[in-house]
Amino acid sequence: MKRSRASIIGGSAAIAATFVVFVIPFLFIILMAFKDRQQSALRDFSWPTGFHLWDNVFEVVRTRNWMMITAFVNSSIITVASVTLLIVFAAMVGFVLARRKTRFNGLIEFLILAGLMIPPAVVPTIWLLQGLKLFGTLHGMILIQVAYNLPFSIILYRAFIATIPRELDEAAVIDGARPFDVFFRVVLPLLWPVTVTNIVVQSVGIFNDFTNPLYYLPGNQNATVQLTLYNFQSQFSTAYNLLFTNILLITIPPLIVFMFFNRQIVAGMTAGAVKG
Amino acid sequence: MTAVAAPALPKRRSLYPGWFYAPAAAVYSVLFLAPTLASLYFSLTRWTLFDATFIGFDNFAQFFREPFLVQGLVNTVIYAVVTSGLKVVVGMLLALMLTSEIIARGYLRSVIFFPVLVSTVGVGITFTVLMHPTQGMINQTLAFLGMAGPGWLVDPRLALFSVALVDVWKGVGLATVIYIAGLVAIPRDYYEAARIDGATKLQNFFYVTLPLSRPATATVITLSFIGGLRTFDLIWAMTKGGPGFASDTIASVIYKQYQAGFYGLSTAGNVVLFILIAVLVVPLTMFLNRKQGHE
Amino acid sequence: MAGLELKNIQKSYGSVEVIKGVSLSIDDGEFVVFVGPSGCGKSTLLRMIAGLEDITGGELFIGNKLCNAVEPRDRSIAMVFQSYALYPHMTVYDNVGFGLKLARTPKDVRDQKIRNAAKILKMEHLLDRKPGQLSGGQRQRVAIGRAIVRQPEVFLFDEPLSNLDAALRVDMRMEISKLHQTLSATMIYVTHDQVEAMTLADKIVVLDGGVVQQVGSPIDLYQRPTNLFVAGFIGSPKMNFVEVVVEAVNEDNIMVGSKDVARLGVPATVAGVKVGDTLTLGIRPHDLSPATNGAVVGRVSLVERLGNETIVNIELASGIPWLAVLDGDQALRVGESIALAADPAKAILFDRTGQALLAPIA
């Protein structure tokens, strides 16, 4: 099919408009990350006078006793651990919820929707975490991420499990599988596509989370990557080259995920959203 | 499951064991449900984390008396309405564009969607720099074109809307992909039938596309409305609620009161936000879904 | 090996009763077919035997062992599902071997059993494939292979052929029949297709509305159905029915007639039947033949000429449609009237309640 002239003109206009609106801010970040401190202070959209990216990266990573490294390690631990728990817990709930109809199903679905809507009660949670000796600890943070993100994962899983024929569970039972085997050896492997979706969507969300670490994970040794952004902002002098290098660095992981899992992310976010 | 007295015929175990709920239920109830329920009590107290003095509805009274707290409440609703309204309109238009016979669809979709995945704080800081009244790129460009740019984040009347605009910039990609999913699900038959009936492009949009993409609209509105009411990180990254209290929302008030050590008041803010969401979102979703059920 | 004994088996979901007290004995090595229209409870009954559904009431014995509360894996059964239910993420080899793996069978024994089953089913070349790469017939084989490899005492088949096309269905039917001869295991087979039931079964169980209508050998059910339901269900094309009035009651037959059927003396149990009673007469389409002074008179409404036989739709005087299957090619024209002779020895009378008044076996 030949493209009409209107579509080419419209397309060119759209490319130009989206370039200005969506691409230039990212180019700005990149250019800033290449500049030295003096030039970056101008905050204009200009070509870097020299190549300072590596200097900036080194400076950012080294600042405050290598806090960036600590932050990346912490964020990675939180992301990997909480996503792993989320996958297993949510798939188990989704499985039983989709398969077994009892009078509690209504209540469970209500709790799931409530979890999607209700903002967490911050101070009581801190109080509780302190009581449990989990406040300001990585495992406390991990459990918080699990609790807050469970509803979305459950919804994704339940919708997918409903499409897997029940006869498969029954065939496994006839083959001698116990409920545990049915789930872990037959059903869970079949959930792989939605598991991938869950992994990418939730890791991006948890990696980018700012609010929850701010509340529940205070302290420099506990910094997560989102909090490192405040290292270079001060009321008196902001080191813009370093600030934007920092932004660039923490944008790389989502960019990689986006390049490899673009389709799963879009599918997951739309599916989960439409169902919810 | 605890051991119950065995009935005459022993029941076989279910294939779908109830204990599969247990791990999720434990984490969820302890770390989410319990604090939520506890907040109902602590919002009625003056609270130091070590002891709580019951003071009735004083915290709530304060919330509706202090002008800066009231402004936070109003701002929250304005912010949610503006962001979700813009996301619906812009998202729909972008989705229409991206489902048409346009060139470079893949590029356009990626570019529009990518901000969804980027750190909110990073975006907030970037736009704070871009929106600087004198040295920001936006106003410098406007000056170059001979226009005087507004004080995006420093003008009290504008600050909230500037943040909302950035919120739309970051979030419209999600609205767009939801609409795209909704639009491609509309069977082509309807358009063909409408064409045979002699419908114009505009009639096509209003009589076919718009009503049939209603589920997508419902989703976009609900999602961005709840998100808008709860928003914190973007506001904190860009204005910290300022100038003054001009762009404070309930979520930023909660944080400020927490920092200041007013734990009871902060928790009351949580309860207010919770009630606000319940009061606004539940009827909204019911309205959106009722219309849907008619078809 | 094992036979089965069902004693007053009941199943209800809440207040809805789906199986209303089924009692049945199945001998070791027997091929039993449960047949009936959809919703008759045949699949539910099979699933209760398998242990996939709880038994609400009654007792189920498999090989003298009370199995009501026994887990499926301990019932020495295997089941083939309608949709085959192959595990999509496993190869054919792993699909067949999954049960053995769960039972922690040593690897070499497992391998030998899998290959043996594959050999029986001629599917050795498929072992490395995934179910998605197989045709319908091949999937069916794998599903059967998965059952064989467990060496169960009872095989359960839930409408296993209904997803196959007609030609393949005939082939697989014969395969299953051969398999039964080779393995000489007890097999219970559920179908709604009475041709499958007739060709495969040692014993057919006809179910309707959660109740056993009749149990017997295929030919017995065909020749001596005990009620209207079985008479109508077994046999293809369906048996013709018409209301008739008793004109005379003789020692071993009943003379009936009506507007549609001239006097016909049908051998029957005569007890309790009086002149003037209304009965239902049933005659199979194959038992009608053209005859100038035949008892059944009607008008031809449709002719299907198949060459070796001719299927004629007839409209009787009272407007009831009948079907006749006539030998050879009959050049009949639509609209012409036709007289057909019926073999009274093969006709069956049914009373008001639908029970057949079968003549005692001579």
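Residues numbered from 1 in each chain as written. Chains lettered and ligands numbered in written order. Predicted model: local features only at pLDDT ≥ 70, side-chain atom pairs only at ≥ 80, totals over all residues.

Per an unreviewed UniProt entry, the recorded name for chain B is Raffinose/stachyose/melibiose transport system permease protein, and the organism is Devosia crocina. For the record of chain B, the UniProt heading Sequence similarities (unreviewed entry) holds the text "Belongs to the binding-protein-dependent transport system permease family." The annotation that UniProt attaches to chain B under Subcellular location (unreviewed entry) is "Cell membrane". (UniProt positions renumbered as here; feature names shortened; annotations may be inferred.)

Within an unreviewed UniProt entry, the label attached to chain A reads Raffinose/stachyose/melibiose transport system permease protein, and the organism entered is Devosia crocina. In its Subcellular location (unreviewed entry) section, UniProt records this for chain A: "Cell membrane".

### Some points on the overall build of chain B
The secondary structure content of chain B amounts to 13 helices and two strands. For chain B, whose C-alpha radius of gyration is 24 Å, the value lies well above the compact-globule estimate of 19 Å for 295 residues. Oriented by its inertia axes, the alpha-carbon framework of chain B measures out at about 70 × 65 × 30 Å. For chain B, the share of sequence-separated contacts (at least 6 apart) that also reach a separation of at least 24 residues comes to 69%. (Helix = DSSP H or I, 4+ residues; strand = E, 2+ residues; numbered from the N terminus. Rg over C-alpha atoms; globule rule 2.2 N^0.38 Å. Contact = placed C-beta atoms within 7 Å.)

### Considerations on the UniProt feature "transmembrane region" (unreviewed entry) in chain B
All names here are of chain B. The UniProt record annotates "transmembrane region" (unreviewed entry) at residues 20–42, 77–99, 111–131, 158–184, 205–226 and 271–289. For residues 77–99, the end-to-end C-alpha separation is 32 Å, with 100% helix and 0% strand making up the annotated structure. Split by type, residues 271–289 is 100% helix and 0% strand. Its first and last C-alpha atoms lie 26 Å apart.

### Description of the packing of helix 6 (residues 138–161) of chain A against helix 9 (residues 192–207) of chain A
All names here are of chain A. The geometry of helix 6 relative to helix 9 is characterised by a closest axis approach of 10 Å and an angle of 155° between their N-to-C directions. Taken together, helix 6 and helix 9 sit at an angle that is classed as roughly antiparallel. Like other packed secondary-structure pairs, helix 6 and helix 9 cross with a definite hand, here right-handed. Listed contacts from helix 9 to Gln145, Asn149, Ser153, Leu156, Tyr157 and Phe160 of helix 6 are Val194, Thr197, Asn198, Gln202, Gly205 and Ile206. Here the residues of the contact of helix 6 with helix 9 sort into five nonpolar, seven polar and no charged. (Axes fitted to C-alpha atoms, helices over the stretch in contact; angles between N-to-C directions. Parallel < 35°, antiparallel > 145°, perpendicular 65-115°, else oblique. Left-handed = near helix turned anticlockwise from the far one by under 90°. Nonpolar A, V, L, I, M, F, W, Y, C, P; charged D, E, K, R; others polar.)

### Concerning the nonpolar core
Ala147 of chain A together with Val33, Leu156 and Ile188 of chain C are the most contacted members of the largest nonpolar core, which totals 260 residues. Counting residues per element, this core draws most heavily on helix 3 (residues 53–99) of chain A, which supplies 17 residues. Residue-level mapping places this core at the junction of two domains, with at least three residues from each of domain 1 (4–227) and domain 2 (240–350) of chain C. When residues no more than four places from it in sequence are discounted, the contact partners of Ile188 of chain C are Ile26, Val32, Phe34, Leu46, Ile49, Val154 and Leu156 of chain C. (Core = buried A, V, L, I, M, F, W, Y, C linked by C-beta atoms within 7 Å. Buried ≥ 20, exposed ≤ 12 C-beta atoms within 10 Å, placed from the backbone. Domains from an automatic or database assignment.)

### With respect to the pairing of strand 14 (residues 278–283) of chain C
All names here are of chain C. Relative to strand 14, strand 11 (residues 240–249) runs antiparallel, the two sharing six bridges. Across the sheet, the residue bridging to Val242 is Leu281, located in strand 14. Judged from the three bridges that link them, strand 14 and strand 20 (residues 348–350) form a sheet pairing that is antiparallel. Its bridge partner lying in strand 20, Thr280 is registered against Phe350. (Pairing = 2+ DSSP bridges.)

### Here's the deal with the interface of chain B and chain A
Listed by partner, the interface residues are 68 residues for chain B and 65 residues for chain A. Elements with a contribution of two residues or more to the side of chain B that touches chain A: helix 1 (22–42), helix 4 (105–117), helix 5 (120–130), helix 6 (137–144), helix 7 (159–184), helix 10 (214–230), helix 12 (250–259) and helix 13 (263–293) of chain B. Broken down by element, the residue count for the side of chain B that touches chain A peaks at twelve residues, all from helix 1 of chain B. The residue makeup of the side of chain B that touches chain A, split by class, is 48 nonpolar, 16 polar and four charged.

### Side note on the UniProt feature "transmembrane region" (unreviewed entry) in chain A
Residue and element names in this part refer to chain A. The UniProt record marks residues 12–34, 77–98, 110–129, 141–161, 182–207 and 239–261 with the feature "transmembrane region" (unreviewed entry), using the residue numbering of this structure. What you have in residues 141–161 is 100% helix and 0% strand, and the ends, taken at the C-alpha atoms, are 29 Å apart. Within the segment residues 182–207, helix and strand shares are 96% and 0% respectively, and the terminal C-alpha atoms sit 33 Å apart.

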